[in-house]
Amino acid sequence: MLKIGKFIAQNVAVARQQLATTSRFYSQPPQPADTSDLPIDITNPYEKDPQQCILCKHDIAPHYKNVKLLSQFQSPYTGRIYGRHITGLCKRRQEQVEQAILRAQQCLLMPGYHKDLDFLADPKLFDPERPVRPHKY
């Protein structure tokens, strides 16, 4: 009986060591034997360049005193400010343009209900008849 008790105690100790070395949760990931089969990091040849609005591309910050630039974003007939889907501006620049136009109108640098006649012949930054992102109606 004593020999069987020693035998069981030795087997239990060996089993505990094996459980300790081969845990159910792997703490270290298995090391690959051969790295020649791993994928290579290359740039995507089909990836398009990030699209930027015209003001961000040229790093232009709209200012309320720059009436010639601000008048490009105003309708010549009604004086309304064109939306983002027409101008193609990013959200941040569109908000800055709207704030600058409203401030210029409050300072009486720009008219509120029509476009200034001096700026009607200026080249267009965008075509209001063909929006950048057309809407559903």
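Above this text is the structure in question.
Please read these numbers as outputs of a predicted model, since none were measured by experiment.

Asker: Is there a simple way to think about the overall build of the protein in this case?
Answerer: The helix and strand tally for the protein stands at five helices and zero strands. Along the protein, helices and strands appear, N-terminal first, in the series α-α-α-α-α. When contacts within the protein are restricted to residue pairs at least 6 apart in sequence, long-range pairs at least 24 apart make up 72% of them. Total accessible area computed for the protein in this model is approximately 12,000 Å², and 55% of it derives from carbon and sulfur atoms.

Asker: Explain the side chain of Ser-71 to me, please; I cannot follow it from the model alone.
Answerer: Along the chain, Ser-71 turns up in the loop between α3 (67-70) and α4 (84-87). Among residues more than four places away in sequence, those in contact with Ser-71 are Met-110, Lys-115 and Phe-119.

Asker: Please explain the environment of Pro-123 as it appears in this structure.
Answerer: Along the chain, Pro-123 falls in the segment after α5 (91-106). Under the relative-accessibility criterion, Pro-123 is labelled exposed at 65%. Distance in space between the C-alpha atoms of Pro-123 and Gln-72 is 8.6 Å, their sequence separation being 51 residues.

Asker: Quick question: what am I supposed to make of the side chain of Lys-115 here?
Answerer: Position of Lys-115 relative to the elements: it lies in the segment after α5. One buried charged residue, Lys-115, forms no salt bridge at all, with the nearest opposite charge on Asp-122 at 6.1 Å. One polar contact links the side chain of Lys-115 to the main-chain carbonyl oxygen of Ser-71, over a distance of 3.3 Å. In this structure, Lys-115 is in contact with Ser-71, Gln-72, Gln-74, Ser-75, Pro-76, Leu-120 and Lys-124, ignoring residues within four places of it in sequence.

Asker: Sorry, what's going on with the environment of Pro-128 here?
Answerer: If you trace the backbone, Pro-128 turns up in the segment after α5. Once the C-alpha coordinates of Pro-128 and Ser-75 are considered, the two residues, 53 residues apart in sequence, prove to be 8.6 Å apart.

Asker: Sorry, what's going on with α5 here?
Answerer: For an α-helix the count is 3.6 residues per turn, leaving residues at separations of three or four pointing the same way. The end-to-end C-alpha separation of α5 is 23 Å, in line with the 22 Å expected for 16 residues at 1.5 Å each. Taken as a whole, α5 has its buried residues at Arg-93, Gln-94, Val-97, Ala-100, Ile-101, Ala-104 and Gln-105. Across the axial projection of α5, the buried residues extend over an arc of 130 degrees, all falling on one side. For α5, the exposed residues set more than 90 degrees away from the buried face come down to Lys-91, Gln-99 and Gln-106. The secondary structure elements touched by the buried residues of α5 are α2 (54-57), α3 and α4. Just past α5, the residue Leu-108 takes up positive phi, approximately 65 degrees.

Analysis parameters
Residues numbered from 1 in each chain as written. Predicted model: local features only at pLDDT ≥ 70, side-chain atom pairs only at ≥ 80, totals over all residues. Heavy atoms only, no water. Helix = DSSP H or I, 4+ residues; strand = E, 2+ residues; numbered from the N terminus. Contact = heavy atoms within 4.5 Å. Areas by Shrake-Rupley, 256 points an atom, 1.4 Å probe, with all protein chains shown as cover. Buried < 20%, exposed > 50% of the residue type's maximum accessible area, 1.4 Å probe, protein only. Lys, Arg positive; Asp, Glu negative; His and termini not counted. Salt bridge = Lys/Arg side-chain N within 4 Å of Asp/Glu carboxyl O. Polar contact = N/O pair within 3.5 Å; in protein donor to acceptor, adjacent residues only side chain to side chain. Expected span 1.5 Å × (residues − 1). Arc of directions from axis to C-beta.

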